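# Fold and geometry: a report
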Amino acid sequence: MAKKADLRILLIHTSGAELFAWTGGQLIRSESYPAEYNGYVAFSGELARDPVTPFFIVVDCIEEDFRHDTIAHVGGSDRRELMRRKLKFQFRNTPYRVGSVIGREKSGRRDDNVLFSALTKPEMLDPWTEALLQRQVPVKGINTPAYLMQQFAKQRKLNHEHLILVNIESVTGIRQTYLKNGKVMFSRLSPWNHLQNTIEADKIQEQVLQSRKYLERIKLIPYDRPAEVLVFTYGNPLGDAQLLNAEQLNYSIIDTAELSVVEKVSDALVDECSALTLALSMALRKRHLKNQYAPFDIRRYFHIRQIRNALLVLGAGTLISTAAVATPVMMGALEKSDSTDALEIRVRPLLQDYEQLRLGFPETPIPSNTMAVVVETYDNILRQSLNPAAAMVDIGNALRGISGLRLTRFDWSLNMSDERQQAAEQELLAGARVTPESQFVNAVIAGETLLRIQIEGRVENTSSYQLAQAQVENFVEALRTTEEFEVTPLQMPLDASPAANVTTVLDGRTINAPFAIEIKRSLAP
């Protein structure tokens, strides 16, 4: 490769692995390695040539298991410990496992619904990960097509209640991923003879119908509810066959060749662009490629690299602060030539502090690519230094023309993004010895934060809850016209939930209906 890659992607499947390079905003296929001795040797040679550029691993295999369970609704450290024990019980023989809360039961004790998933054949990954650890190559994370397709659906705004995504992959087979309200619940891979030029439509419908019946048995899809099925193909592998809607399954075909043009996928992938490589390219471009399965031991050299970068940023910030203190003193002394001796006396302690600080740093010179990381990290931190007045201007603009709304509370906080928060919880579940404060610092450095604003107020001078509801809805819609805002009503004058109630006095007087709104603004570049 002529240009140095920003990130290397290793796509592992049963018969081998494929190496991709992410460079210049494009995903480029580089090499293929068979899953045998010669392939492992060739891969080790690639690592010897470049042990610095980090890796991200994607595993496309049959041995990915999804299990649903419930746990008591608890919070904080109790939830983490309970999840950790449940996860270890579900998957004892693999370190590549993860658990997450996906909802809550609507009756009874209202326990938490949880999803546990794992790669149940760790020996398939071991030769590749051992080579990476032997060369001390940073590994950013491990993910699978199921979670990549979840991110793909989110980016494409595929907001169906029940959605089945069908990928026809030339190497591995037919993968089905079931999403419920945008969250992955189940995924399975069916082998396919990739030497054929076409695949029978009946085979796809048969596989999807089997998955549908299984999801009905485990009560993820009600028997009487339809499911949308999106079949991703490249070219025309179905031939003249047609996918017919039946059994509450509504089929649609998406040509990845056309979609790759819309998403500006690299020319190097256009001739063989699958749904998996398309989803991978989109996740990389939006910086949404997150770790799901990699335990702390696999990622330790990546964490060491992050700590090193954080120290460099801290050192750069210290030098800048020192310069900011020294500059006014020096400028004032230069304007008075007769005070040169006094200036030297005052500057000498600063120079001594600087020398002590410099001696505390390693003697090795900082490479140019490392300095680029420092500058980029500083820009990320600066980007997240926001003034509440800017957000207040947008909120004030949204209030124009809406009378009767009085804002009583305005809470402003900087938090980790939802994806980063989930990854942090999984990292703690995996046994990583990190504190929440260090996880937040890493999120700030990585630019994976969001601004969270909570507004509380009342609707005044109205005698109708319906009018109050309409005024708050108009305010919410006005806020949503700001592109950076993700607006969620927390409390409305009329709450339509089953547990809600409305109390008023029928005496003709005006009411003061409370409301609460949450605004999120992503600070990712």
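When its secondary structure is counted, the protein shows 15 helices and 17 strands. By the burial criterion, 42% of the 525 residues in the protein qualify as buried. On the protein, roughly 28,300 Å² of surface is accessible, and the fraction owed to carbon and sulfur atoms is 51%.

Quick look at the environment of Thr144 now. For Thr144, the position within the fold is in the loop between β8 (139-143) and α4 (145-155). By relative accessible area, which is 0% here, Thr144 ends up buried. Taking the C-alpha atoms as reference points, Thr144 and Leu276, 132 residues apart in sequence, are found 9.4 Å from one another. Filtering out sequence-adjacent residues up to four positions away, Thr144 remains in contact with Val58, Val59, Glu64, Leu119 and Tyr293.

Strand pairing in a sheet relies on backbone hydrogen bonds. The paired strands run either parallel or antiparallel. Read across the sheet, three strands follow the order β5-β7-β6 without closing on themselves; strand pairing throughout is antiparallel. Looking at strand neighbours, the two that pair on one side only are β5 (64-71) and β6 (97-104), the edges of this open sheet. Adjacent strand axes in the sheet meet at a mean angle of 25° when their direction is disregarded. Here eight bridges tie β5 to strand β7 (residues 112-119), and the two strands are oriented antiparallel to one another.

Turning next to the environment of Arg156. With respect to the helices and strands, the residue Arg156 is situated in the loop between α4 and β9 (162-169). Considered as a pair, Arg156 and Met282 are 126 residues apart in the sequence and their alpha carbons are 9.9 Å apart. Not counting residues within four places of it along the chain, the set of residues in contact with Arg156 comprises Leu259, Glu263 and Met282.

Of all eleven residues in helix α8 (residues 275-285), ten are buried, a share of seventy percent or more. Just downstream of α8, Arg287 is the residue with a positive phi angle, here 60°.

Looking now at the side chain of Lys520. Relative to the helices and strands, Lys520 is located in strand β17 (residues 511-522). For Lys520, a relative accessible area of 15% gives the class buried. Ignoring any residue separated from it by four or fewer positions in sequence, one finds Lys520 in contact with Asp418, Leu450, Leu451, Arg452, Glu484, Phe485 and Glu486.

It is worth spelling out the pairing of strand β12 (residues 227-233) at this point. Burial of β12 is extensive: six of the seven residues sit out of reach of the surface. Of the strand pairs in this sheet, β9 and β12 are connected by five bridges, and their pairing is parallel. Counterpart to Asn167 in the pairing with β12 is Phe232. Sheet analysis places β12 next to strand β13 (residues 249-255), joined by seven bridges and oriented parallel.

Once that is clear, we can look at the side chain of Thr94. Its place among the elements puts Thr94 in the loop between α2 (76-90) and β6. A polar atom in the side chain of Thr94 sits 2.7 Å from the backbone oxygen of Leu119. Contact partners of Thr94, with chain neighbours within four places excluded, come to Ala118, Leu119, Thr120 and Pro122.

This brings us to helix α14 (residues 436-446). Among the residues making up α14, those that are buried are Gln439, Ala443, Val444 and Ile445. Once α14 ends, the next one or two residues include Gly447, with phi positive near 75°.

This paragraph deals with the pattern of salt bridges. A complete count under the given rule lists 20 salt bridges for this structure. For Asp69, the salt bridge identified is with Lys86, shortest N-O distance 3.1 Å. Taken together, the residues Asp69 in strand β5 and Lys86 in helix α2 connect sequence positions 17 residues apart. Residue class for Asp69 comes out partly exposed when judged on its relative accessible area of 22%. Of the charged contacts in the structure, one is a salt bridge between Asp411 and Arg409, with a shortest N-O distance of 2.8 Å. Overall, Asp411 belongs to the partly exposed group, its relative accessible area being 30%. If you follow the salt bridges from partner to partner, you end up with Lys4, Arg8, Glu46, Arg49 and Asp50 in one network.

Take unusual backbone geometry next. If you check the backbone angles, Arg110 has positive phi at about 55° while not being a glycine. With respect to the helices and strands, the residue Arg110 is situated in the loop between β6 and β7. Under the relative-accessibility criterion, Arg110 is labelled partly exposed at 39%. Despite not being glycine, Gln136 shows a phi value in the positive range, around 55°. Here Gln136 shows up in the loop between α3 (126-134) and β8.

Across the sheet, four strands lie side by side as β14-β15-β17-β16; this open sheet has antiparallel pairing. Every other strand in the sheet has two partners, leaving β14 (405-416) and β16 (485-491) as the edge strands with one partner each. For this sheet, the mean angle separating the axes of adjacent strands, direction not counted, is 20°. In terms of strand pairing, β14 meets strand β15 (residues 449-462) through eleven bridges, oriented antiparallel.

Below, the discussion takes up the nonpolar core. Core analysis: the largest hydrophobic core is formed by 80 residues, its most contacted members being Ile9, Phe43, Ile142, Phe152, Leu165 and Leu289. Counting residues per element, this core draws most heavily on α8, which supplies eight residues. Every residue in contact with Phe152, bar those within four places of it in the chain, is listed here: Leu158, Phe232, Leu259, Leu278, Ala279 and Met282. Residues Ile453, Ile455, Met492 and Ile517 belong to the second largest nonpolar core, which totals 23 residues.

In the predicted model, the protein carries a mean pLDDT of 82, and the fraction of residues at 70 or more is 83%. The secondary-structure element of the protein with the lowest mean pLDDT is helix α7 (residues 267-270), recorded at 51, while strand β4 (residues 55-59) shows the highest, at 96.

The next subject is the packing of α4 against α8. Look at α4 against α8: their axes get within 9 Å of each other, and the N-to-C directions meet at 65°. The hand of the α4/α8 crossing is left-handed. Seen from α4, the contacting residues are Pro145, Leu148, Met149, Phe152 and Gln155; seen from α8, they are Ala275, Leu276, Leu278, Ala279, Leu280, Met282 and Ala283. Residues that form the contact of α4 with α8 fall into these classes: eleven nonpolar, one polar and no charged.

Quick notes on the rules
- Residues numbered from 1 in each chain as written.
- Predicted model: local features only at pLDDT ≥ 70, side-chain atom pairs only at ≥ 80, totals over all residues.
- Heavy atoms only, no water.
- Helix = DSSP H or I, 4+ residues; strand = E, 2+ residues; numbered from the N terminus.
- Buried < 20%, exposed > 50% of the residue type's maximum accessible area, 1.4 Å probe, protein only.
- Areas by Shrake-Rupley, 256 points an atom, 1.4 Å probe, with all protein chains shown as cover.
- Contact = heavy atoms within 4.5 Å.
- Pairing = 2+ DSSP bridges.
- Axes fitted to C-alpha atoms, helices over the stretch in contact; angles between N-to-C directions.
- Polar contact = N/O pair within 3.5 Å; in protein donor to acceptor, adjacent residues only side chain to side chain.
- Salt bridge = Lys/Arg side-chain N within 4 Å of Asp/Glu carboxyl O.
- Core = buried A, V, L, I, M, F, W, Y, C linked by side-chain atoms within 4.5 Å.
- pLDDT = per-residue confidence, 0-100.
- Left-handed = near helix turned anticlockwise from the far one by under 90°.
- Nonpolar A, V, L, I, M, F, W, Y, C, P; charged D, E, K, R; others polar.

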